[in-house]
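This is what each chain is made of:
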Amino acid sequence: MDDDEADFREFVTLRWSSLVTTAYLITTDRGIAEDCVQEAMARVHRHWRSVRKDGKPAAYARQAVVNAALSWRRRRRIREVPLTPADQATRSAAEPVDQRVQGVDPTLLAALRSLPPQMRAAVALRYLEDRSEAETAVLLGCSVGTVKSSTSRGVARLRAVLEPAPLTDREGAR
Amino acid sequence: MESSTQELPAELVERLHRLAATQMSESRPWPGVDRAVHRMQRRRLAGMSAAALGCVLIIGMTFSGALGLSSDRSQQAPPAGPKPSASASATATAPTGPLPASGFSGPVGGSLGSDKTWLKQVRARIVEVEASVKRPLTAADVQVLWTSDRDGVRYVYAVLPGGKNKLGPGLRYFRDVVLVGPAGASADKLVYKTMGTHDLEDGNVGHAMYLRRTATALPDFVLIAASPAVTEVEVASSRKFSVDGTVTVGWRSLRREGGAVWVGRLTRAEGYLSEFRSVGGPIRNSTNAATHQPKHRAVTVAPAGSNLAAIKDAGAALSWLNPSLAEQPVLAISAPLTDTATLAATVFRTPEGLALVGFAERDVKFKETWRHLTRRGAAIAKQPIGDPDTFMAVLSTVKLPPAREDLNAGYAVLTPVGATSARIGDVTVPVRNRLALFEPSAIPDGGYVTVEALNAQGTVIASVLSLRGTEVP
């Protein structure tokens, strides 16, 4: 294994946890999040020499992850999504199908999923990763104004879903 | 516009961090990243896509004149050139020389597998061809897995080292080649086909190759290379659908020839299904021959003027159930929903009288954006199908990915002839050409519902419980 390869592996190992967390917050799916980061790291690997030479491999990697997480739907593979069996048809519509596992906050997850992906990404980058509006705008490829409005509406929607007030804004549901 | 100064409460930030940390706590980069890198490198290799795993080799197009597509292949003239040894069998001798790291091992299979003179000629031919395209090899690099005269055709299947490995010992490549020609042909007369570059994730991967006589024929022979760990390989010979949604697959064992190859003639039904399973190790799967998929069969019963693209989408949804040749298309219709959107349905009838139903909503306006992907779904109807004109089905599908509309199902409806509207509770939608669509927003609770079909007088002419559906992107 040459030095480049060793450096790449060390980089991925160090950054994995952070990157996969970001991907999860955007995609809200564990498997897809891992797929996105793996794909992004493959792209980083392809350009590793020049990326490392530029001195900003972390920024490049995070951009690749965000791009992958926002665009995974276009490349998704066939998945089976069975509907509720008849004998379980009374289950709440708000209860996610695939996340009834230990340690998951279903209400929070449903709230997060109520945001469109771009808005979810804006909230995650701005508030959960504590990035500036300018940094977030660069990562999302949009204007600072868009980041401001997306995060503001995203926060409002999360609060609306998680607090007793009724949810009235359904924009972006489709 | 809302204020941009609104902040996320610290408590909520903490909960979101905890959610992500909980979900991803067991996630590790390796070996997944290695594999992703490997996949990307593989995709970039020239010609890889055309020789994808589970490929179908059209042998008839290569030398149809010499092959002679007789229905009674045993009557063809005996071959000239190298003859198989009298003792040729699945227990042929092991190949000479060191093996490339292909993961395959054991004796060469096939009727020519023990013919050392023949194997030497084959290796020399492969080395020569590879050298001509600047891929130098030695004879020792060539691992012949199977070679045989069968049904008037001479086959050679071999694997070669796949190139420089940059990622360490966990990821290895091999390439495979097929040489094919008339039975008895000398090695330099065989057509040389590079099939693809493959990886050996976990060192235990095989792959399947289906062979057919012409581009439009069904595969009639299968050759599967597998690691030594594989102890049994079977091909699907039939499928039987039940009203409870279960599918029973009939399996037939293939014969192992040599150390790494499983081969067998295929019936027409088996060639259509092109499905197999293995015991002891994974083998990559393949799909039906492209010209025989349900979507192509569905359009054969579509009336003139139908939106064939939408009907193909509905037929493609049926691929999820993988109907066999025994299931026959009996209905394929489409109806416009908007200027750009079309709803389509197709029904295949099983020998037992069950209906396999596929629906698709196709919107060309938004086809390039994820927000408006074509929605497709398929299911086995709960009610038998008699006269297709009186058949009714409803399929509920959820959108992918599961987001806020997790269980907010859309309902695609196929009504009997004569229906002008469809009704779920208080919601009524118009029927056009026997098709109607209830959007998720009309049925906010999702789940199973009874759908009624009404005629112009408002009389219910049929009703049915929505099916459990599977949406396929």
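Residues numbered from 1 in each chain as written. Chains lettered and ligands numbered in written order. Predicted model: local features only at pLDDT ≥ 70, side-chain atom pairs only at ≥ 80, totals over all residues. Heavy atoms only, no water.

### Here's the deal with the side chain of R157 of chain A
Mapped onto the fold, R157 of chain A is located in helix α8 (residues 144-162). Separated by 3.2 Å, the side chain of R157 of chain A and the backbone oxygen of S114 of chain A make a polar contact. (Helix = DSSP H or I, 4+ residues; strand = E, 2+ residues; numbered from the N terminus. Polar contact = N/O pair within 3.5 Å; in protein donor to acceptor, adjacent residues only side chain to side chain.)

### Examining the environment of L119 of chain B
All names here are of chain B. Looking at the secondary structure, you find L119 in helix α4 (residues 116-132). Using a relative accessible area of 4% as the deciding quantity, one classes L119 as buried. Expressed as a C-alpha distance, the spacing of L119 and Q143, which sit 24 residues apart in the sequence, is 9.7 Å. Residues in contact with L119, not counting those within four places in the same chain, are V108, L112, G113, V144 and T147. (Buried < 20%, exposed > 50% of the residue type's maximum accessible area, 1.4 Å probe, protein only. Contact = heavy atoms within 4.5 Å.)

### A few points about the confidence of the model for chain A
All names here are of chain A. Looking at chain A, pLDDT values average 72 and 73% of them are 70 or higher. For chain A, per-element mean pLDDT is lowest for helix α4 (residues 57-75), which scores 79, and highest for helix α6 (residues 117-128), which scores 87. When the criterion is pLDDT under 50, residues 74-102 qualifies, and its contacts beyond four places in sequence or with other chains add up to 70 contacts. Overall, residues 165-174 carries pLDDT values under 50, and its contacts beyond four positions in sequence, including any with other chains, amount to 21 contacts. (pLDDT = per-residue confidence, 0-100.)

### Considerations on the pattern of salt bridges
Applying the stated rule across the entire model yields 17 salt bridges over all chains. The partner of R265 of chain B in a salt bridge is D151 of chain B, and the shortest N-O contact between them spans 3.0 Å. One end of the pair, R265 of chain B, is in strand β11 (residues 261-265); the other, D151 of chain B, is in the loop between β2 (143-150) and β3 (153-161), with 114 residues separating them in the sequence. A relative accessible area of 24% places D151 of chain B in the partly exposed class. Through salt bridges with shared partners, a single ionic network connects R62, E129, R131 and E135 of chain A. (Salt bridge = Lys/Arg side-chain N within 4 Å of Asp/Glu carboxyl O.)

### Quick look at unusual backbone geometry
All names here are of chain B. Here S274, not a glycine, exhibits a phi torsion of approximately 45 degrees, which is positive. Tracing the backbone shows S274 in the loop between α5 (268-273) and β12 (276-279). The exposure class of S274 is buried, given its relative accessible area of 1%. The phi angle at N433 is positive, at roughly 50 degrees, despite the residue not being glycine.

### Here's the deal with the environment of L112 of chain A
Here L112 of chain A lies in helix α5 (residues 106-113). With relative accessibility at 2%, the residue L112 of chain A sits in the buried group. When the C-alpha atoms of L112 of chain A and A124 of chain A are compared, they prove to be 9.9 Å apart, with twelve residues separating the residues in sequence. In contact with L112 of chain A, not counting residues within four places along its chain, are L25, T28, R120 and L158 of chain A together with L16 and L19 of chain B.

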